[in-house]
Amino acid sequence: MLGRPAAGLPGWLGILPYGLVLLAVFAVPVLFLLRLAFGDAGFSLAHFIRIAEVPIYRSVLLTTLSISGMTTVLAVVMSYPLAYLMATVSPRVRSILVVVVLLPFWTSALVRTTAWIILLQGNGVLNRILMGTGLTSEPITFVYNLSGVLIGMTHVLMPFVVLPLYAAFRGLDLATVQAAEGLGAGPWTVFRRIVLPLTAPGAMAGAMIVFMNAIGYYITPALMGGPAQTMIAQMIADNITRELNWGFAAALSTVLLAATLLIFVIFQRIFGLERLMAGGGGTRGGEAFRLTSRGRTSGGILTAACGLLVALFLIAPILIVFPMSLGSSPFLSFPPTDYSLRWYANFFATSKWLDAFLRSLQVAGLSVTASVVLGTLAAIGLSRTGRRWRPLLETVFVLPMIVPVIILAVGLYYLFAPLGLVGTIWGLAIGHTVLATPFVFITVRAALKAFDTNLELAARGLGAGWVTMFRRVMLPAILPGILAGAIFAFITSFDDVVLALFLTNIRTRTLPKLMYEGVAHEIDPTIIAAAGLIILVTIAVLAINLLLSRRR
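Residues numbered from 1 in each chain as written. Predicted model: local features only at pLDDT ≥ 70, side-chain atom pairs only at ≥ 80, totals over all residues. Heavy atoms only, no water.

## Things to note about the layout of surface pockets
Then, number 1: Counted as a void, the second largest pocket has a volume near 620 Å³.
Then, number 2: Every residue lining the second largest pocket is counted, 27 residues in all, and those nearest its centre are Tyr 218, Ala 222, Asp 238, Arg 242 and Tyr 516.
Then, number 3: When residues of the lining of the second largest pocket are traced back to their parent elements, those giving at least two are helix 3 (55-87), helix 11 (219-224), helix 12 (232-241), helix 22 (498-503) and helix 23 (511-521).
Then, number 4: Tallying contributions element by element places helix 12 first for the lining of the second largest pocket, with 6 residues.
Then, number 5: Within the lining of the second largest pocket, the residues separate by chemical class into 16 nonpolar, 8 polar and 3 charged. (1 Å grid on protein atoms, 1.4 Å probe; cavity = no way out; pocket = protein on both sides within 12 Å on 5 of 7 lines; lining within 4 Å. Points joined across faces, edges and corners; volume = space filled by probe spheres on them. Helix = DSSP H or I, 4+ residues; strand = E, 2+ residues; numbered from the N terminus. Nonpolar A, V, L, I, M, F, W, Y, C, P; charged D, E, K, R; others polar.)

Shown next, in the form of structure tokens:
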């Protein structure tokens, strides 16, 4: 990028709208909530002392850290063979594997959790396969325990490791590997001394993102775990919805927020914000990375086979649940005995399902519109701000995607209830706007870094006003980034469950909330049809994003 931005839109004017929104519906509710942790009448540490002294709360904190740690380790270990496989195959096969990773990454976490419950339950697909092949004589308990939580959370969060690790593999210099071979190094030595150290930063970046997300996770542990797997986010929600103990919930939120921000600060200092939106990429076009110049060794073949199994693990819920949604039986089975659109017809014929679906689209439309305007203005404004303030502002602007959603949900409920916004689509749309705007900001910010400001200078020098310059010069250049951000914003809104649990009621609930309520009690085939519909929407959105990526 050359030159300096011409005078036009002042930096503060672009930053101000998003800054005011963050202040009003992010900072204020979160700070009000955290204030309750230190007492209503006066300053007190009683709630924190209770957390430290009562064994059950210490146990929940330990469970949260241990499950998050185990999920992170599993995600890293399983990502290595898949990232290696993606980097060492032909471009066509690589494209398929990238889709295999991205499709679950974009698919609703609730849909994936629902799919795993169906796959792992006592009469589920996996147990029927095990008993049918004679490997077991009775069903194995895979779900509603630790194994269920680990499987579900690893599946949801593993793409955060696969994508930066794959980019690290693609960035390896083949000349380094060939030089090591020339000095007599074997495949294992090359991997241990060259590949592992050079890919470790990518793995570590992904691991920190996974751990940062895992400690505040709510949906998967709530649906796939048992009482022994209760995590801190669930404890926060229970203290609000069941105990009505706002002060203690605020204290738990303070502990969770402090841990999350500490990890984020470390992450930012080591890797930077760009890693939060890291994706697959490479530095050598279509050339495949090779661990040796002689092709795959026996170890390489074994690693590639493990990579295929991990890819199957990622795509299995979608491959199994969507066909199940096409069955006509009232009992879930795979493969279906016969196929029909019975449950899809029931979905569109039943008012509660159709209304919830349309309401989700309506809320997503409102939040996408607002987040695109706010995020784009903020990105442009930041590009016109002094370098001294940019790192701080960037950090502040992405905080809503860092702070656990349960904290924002409880804070907004505390703020919106007296204002009459709880139970309205406007309250939920405002909350979703806060969640979605950082995605738009990051993608537009990246697009602006590639924008040549000399084009802006030339347009302004020819007499074009700033609005004309933006419409004719800048907007076409950054439009792919804006559209990509809009897609992320749509998925963020359409997929949300946690905010919907607190900010909607039975008359205004969204499709994810209705599905969550059904899964939490009893899964009927209409829920599977809803999941299939969300998968179709996700595939369409992913296809649009891939087309936009090719045009950038």
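The discussion continues.
## Regarding the packing of helix 5 (residues 109-120) against helix 23
For any two helices packed against each other, one specifies the crossing angle of their axes together with the interaxial distance.
Then, number 1: As a packed pair, helix 5 and helix 23 sit with axes 11 Å apart at the nearest point and diverge in direction by 20 degrees. Between helix 5 and helix 23, the crossing angle belongs to the class labelled roughly parallel. Once helix 5 is placed against helix 23, the crossing between them reads as left-handed. Here Leu 110, Val 111, Thr 114 and Ile 117 of helix 5 come into contact with helix 23, specifically with Pro 512, Met 515, Tyr 516 and Val 519.
Then, number 2: In terms of residue class, the contact of helix 5 with helix 23 is built from 7 nonpolar, 1 polar and no charged. (Axes fitted to C-alpha atoms, helices over the stretch in contact; angles between N-to-C directions. Parallel < 35°, antiparallel > 145°, perpendicular 65-115°, else oblique. Left-handed = near helix turned anticlockwise from the far one by under 90°. Contact = heavy atoms within 4.5 Å.)

## Considerations on the packing of aromatic side chains
Centre distance and the angle of the planes are the two values used to describe a pair of aromatic rings.
Then, number 1: Tallying each qualifying case throughout the model produces 18 aromatic pairs.
Then, number 2: Ring plane angle 5 degrees and centroid distance 5.9 Å describe the contact between Trp 246 and Tyr 413, whose orientation is recorded as stacked. Separated by 167 residues along the polypeptide, Trp 246 in helix 13 (residues 246-270) and Tyr 413 in helix 18 (residues 405-416) bring together distant segments of the chain.
Then, number 3: Tyr 413 gets classed as partly exposed once you look at its relative accessible area, which sits at 29%.
Then, number 4: Ring centres 5.2 Å apart and planes at 85 degrees place the aromatic pair Phe 397 and Phe 441 in the edge-to-face group. With Phe 397 in helix 17 (residues 390-398) and Phe 441 in helix 19 (residues 425-449), this pair connects stretches of sequence that are 44 residues apart.
Then, number 5: A relative accessible area of 2% means that Phe 397 is categorised as buried.
Then, number 6: Connected via pairs of aromatic rings, a cluster forms that spans Phe 347, Phe 348, Trp 353, Phe 357, Phe 490 and Phe 494.
Then, number 7: Its end group placed over the ring of Phe 32, Arg 35 keeps NZ or CZ at 5.8 Å from the ring centre. (Phe/Tyr/Trp six-rings, centres within 6.5 Å; stacked < 30°, edge-to-face > 60°. Buried < 20%, exposed > 50% of the residue type's maximum accessible area, 1.4 Å probe, protein only. Lys NZ or Arg CZ within 6 Å of the ring centre and 35° of its normal.)

## Topic: empty space enclosed by the protein
Then, number 1: Evaluation of the coordinates by the stated rule reveals 3 cavities of 30 Å³ or more.
Then, number 2: As a volume, the second largest cavity reaches approximately 40 Å³.
Then, number 3: In terms of lining, the second largest cavity is formed by Trp 106, Ser 108, Ile 491, Phe 494, Asp 495, Ile 534 and Thr 538.
Then, number 4: The set of elements that each furnish at least two residues to the lining of the second largest cavity consists of helix 21 (466-495) and helix 24 (525-551).
Then, number 5: At 3 residues, the largest contribution of residues to the lining of the second largest cavity is made by helix 21.

## A few points about helix 17
Along an α-helix, residues three or four apart share an orientation, since each turn contains 3.6 residues.
Then, number 1: When helix 17 is considered as a whole, its buried residues turn out to be Arg 390, Leu 393, Glu 394, Thr 395, Phe 397 and Val 398.
Then, number 2: In the core, the buried residues of helix 17 are packed alongside helix 1 (11-36), helix 13, helix 16 (351-383) and helix 19.

## Here's the deal with the environment of Leu 361
Then, number 1: You can see Leu 361 is positioned in helix 16.
Then, number 2: Here the alpha-carbon distance between Leu 361 and Phe 494, two residues 133 residues apart in the chain, equals 7.0 Å.
Then, number 3: With near-sequence residues (within four places) excluded, Leu 361 lies in contact with Phe 490 and Phe 494.

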